[in-house]
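# Residue-level structure breakdown
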Amino acid sequence: MRQPNKRQAIDEPLAKASPVQLAQLWAKRYVIAIETYEGTLQESNPQSRTAVVEHLTSELRSASAKAWNLTESFLAHEVKRHRINANLIDPWSVAGDVHRVYAKALAAYGKHIPPQQLSVKIASGLGVIRKRYTSGDPRLIGFVSMQFHHCGQMLIESAPESEQGILAAYFKVIDDHLYMPLQRAYAAAARYAYDDERLKVVQTLLPHSTVIANNVVDRVNTIYPNYQCYTDRLDSDVVRVSSVRDTEMFQIYLWTCVLEQSLSAIQQELFPLCVMLYPTLKVNWELVRHMLHLMGQEFEQYVEQSRVKHYEPYHQALWQMFSPEVFPDMI
């Protein structure tokens, strides 16, 4: 009997989706989002990158310590208010992870390995780190991801201005995999048949997450032109970076729920994190609700109407969780 070839095996209805395929779809968004990357790649020479890597590697320990102090002072009150067991937060463990991960990102930058390749390369390792910290208390990822983020921002500020934009692309890979349950989404996707309609919706929207996030943030900034959060105005560069990241984060949590056919990722992790962090960051619930509404409008630009039913119940549930019935001060 003639054996089926690989192409036939992939086309079989019972063939399972590959986690690698979803990871590659996620990585493609770096190509879509970073339109100037190729030009930057040509302009930046290996010698200059080597010098930057050496300098930032020497700054890494100091940046990590400063980032931890900033994160701890920022969230100390929330630890008490939310009755989080402070013993679960090990600064030495976090510092070690920060050093190892950023050393890998800097090495990739120094070797001109594109951010999308770095994303695929370090995804599983960051997933392990994320799982380790969330297993004791899902809210701990707020501390860990904030520590990583602040460290990355400090390193970028220490770099030559000509290299800051491209370094931000590499460090965004780290932010993505810590703030977002990507490995959990990949694992859920692997349980689906290759041609499953629910999976196809996620595969359609995943590569466009950054474009969707930028469109949503643009529209929110138009609705709230004078909004001031903790760090700066909503339309400032630094706040915009965080706003786009958070809008992407909401999308990935939503797709995780769609693939798991459960709201647990949102209920147990995303929502508690928002309740813990957003009041401190001075992000009000009306703004979050607007963001969710605009996200739904963006999805419809990419998904056929007949497939909206696969994510609509989870999107509506998320919308209701951030409603005036839950947060009366929104009215």
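Check the entry above for the structure.
Sequence order as written defines residue numbering, which begins from 1 separately in each chain. For a predicted model such as this one, the threshold for reporting local features is a pLDDT of at least 70, and the threshold for listing and counting side-chain atom pairs is 80 or more; totals across whole chains, interfaces and linings nevertheless cover every residue. Heavy atoms throughout the structure, all of them, feed into the side-chain values; hydrogens and water do not.

### What to know about the packing of helix α5 (residues 91-110) against helix α8 (residues 161-179)
The contact between α5 and α8 brings their axes to 10 Å, and the two run at 135°. Between α5 and α8, the crossing angle belongs to the class labelled oblique. The handedness of the crossing between α5 and α8 comes out as right-handed. Listed contacts from α8 to Val101, Tyr102, Ala105, Leu106, Ala108 and Tyr109 of α5 are Glu163, Ile166, Leu167, Tyr170, Phe171 and Ile174. Each residue is assigned to one of three groups, with Ala, Val, Leu, Ile, Met, Phe, Trp, Tyr, Cys and Pro labelled nonpolar, Asp, Glu, Lys and Arg labelled charged, and all others, Gly among them, labelled polar. Residues that form the contact of α5 with α8 fall into these classes: 11 nonpolar, no polar and one charged. Fitted lines through C-alpha atoms give the axes, limited to the stretch in contact for helices. The angle between two N-to-C directions lies from 0 to 180 degrees. Runs of H or I in DSSP of at least four residues are treated as helices and runs of E of at least two as strands, each being numbered from the N terminus. Under this scheme an angle from 65 to 115 degrees is roughly perpendicular, one under 35 degrees roughly parallel, and one over 145 degrees roughly antiparallel; angles in between are oblique. In this scheme the crossing of two helices becomes right-handed for a clockwise turn of the near helix relative to the far one and left-handed for an anticlockwise turn of less than a right angle. Throughout, a contact is declared for two residues whenever any of their heavy atoms are within 4.5 Å.

### A few points about the packing of aromatic side chains
Centre distance within 6.5 Å is the pairing criterion for rings of Phe, Tyr and Trp, where only the six-membered ring of Trp is used; planes under 30 degrees apart are then read as stacked, over 60 as edge-to-face, and the remainder as tilted. The tally for this structure, following the rule as stated, stands at 14 aromatic pairs. Considering the side-chain rings of phenylalanine 271 and phenylalanine 327, the 6.0 Å spacing of their centres and the 40° angle between planes classify their relative orientation as tilted. Residue phenylalanine 271 is found in helix α13 (residues 264-281), and its partner phenylalanine 327 is found in the segment after α15 (312-321); the two are separated by 56 residues along the sequence. Only protein chains enter the accessibility calculation, which uses a 1.4 Å probe. A residue is then buried if its area is under 20% of the maximum for its type, exposed if over 50%, and partly exposed in between. Look at phenylalanine 271 and you get buried, because its relative accessible area is 18%. A cation sits over an aromatic face here: arginine 245 above tyrosine 179, 3.9 Å from the ring centre. Only Lys NZ and Arg CZ are tested; either one counts as a charge over a ring when it is within 6 Å of the ring centre and within 35 degrees of the ring normal. The ring centre of tryptophan 319 lies 3.5 Å from the NZ or CZ of arginine 289, which sits over that ring.

### With respect to helix α6 (residues 115-136)
Residue count minus one, scaled by 1.5 Å, sets the expected span of a helix. Compared with the 32 Å implied by 1.5 Å per residue over 22 residues, the 31 Å span of α6 between its first and last C-alpha is a close match. The largest bend along α6 reaches roughly 50° and is located at isoleucine 122. All buried positions along α6 are accounted for by Pro115, Leu118, Ser119, Ile122, Ala123, Leu126, Gly127, Ile129, Arg130, Tyr133 and Thr134. To get the bend at a residue, fit one axis to the 7 residues ending there and another to the 7 starting there, then take the angle between the axes.

### Notes on unusual backbone geometry
Positioned with a positive phi, histidine 112 is a non-glycine residue whose angle comes to about 65°. Mapped onto the secondary structure, histidine 112 falls in the loop between α5 and α6. Unusually for a residue other than glycine, glutamine 261 sits at a positive phi of about 55°. Accessibility expressed as a relative area gives 46% for glutamine 261, which makes it partly exposed.

### Focus on the pattern of salt bridges
What counts as a salt bridge is simple: a side-chain nitrogen of Lys or Arg found within 4 Å of a carboxyl oxygen of Asp or Glu. If you walk through the whole model with that rule in mind, you get 12 salt bridges. Across the salt bridge formed by lysine 172 and glutamate 248, the nearest N and O atoms sit 2.7 Å from each other. Of the two residues, lysine 172 sits in helix α8 while glutamate 248 sits in helix α12 (residues 237-260), which places them 76 residues apart along the sequence. For lysine 172, a relative accessible area of 23% corresponds to the partly exposed category. Across the salt bridge formed by arginine 233 and aspartate 235, the nearest N and O atoms sit 3.1 Å from each other. What makes arginine 233 partly exposed here is its relative accessible area of 30%. The exposure class assigned to aspartate 235 is partly exposed, which follows from its relative accessible area of 40%. A cluster of three or more residues bridged by salt bridges with shared partners is formed by Asp97, Arg100 and Arg132.

### Here's the deal with the nonpolar core
The criterion is simple. A nonpolar core is a set of buried Ala, Val, Leu, Ile, Met, Phe, Trp, Tyr and Cys residues joined through side-chain atoms within 4.5 Å. Phe171, Phe250, Trp255 and Phe322 are the most contacted members of the largest nonpolar core, which totals 104 residues. An automatic or database domain assignment supplies the residue ranges for each domain. Here this core gathers at least three residues from each of two domains, domain 1 (48-180) and domain 2 (187-330). Not counting the four nearest positions on each side in its chain, phenylalanine 171 is found in contact with Tyr102, Ala105, Leu106, Gly152, Leu155 and Ile156.

### Notes on the environment of proline 279
Relative to the assigned elements, proline 279 resides in helix α13. By relative accessible area, proline 279 is classed as partly exposed at 40%. Along the sequence, proline 279 and tyrosine 230 sit 49 residues apart, while their C-alpha atoms lie 9.3 Å from each other. Apart from residues lying up to four places away in sequence, proline 279 is in contact with Arg81, Cys274 and Trp285.

So yeah, pure geometry; function would need other evidence.
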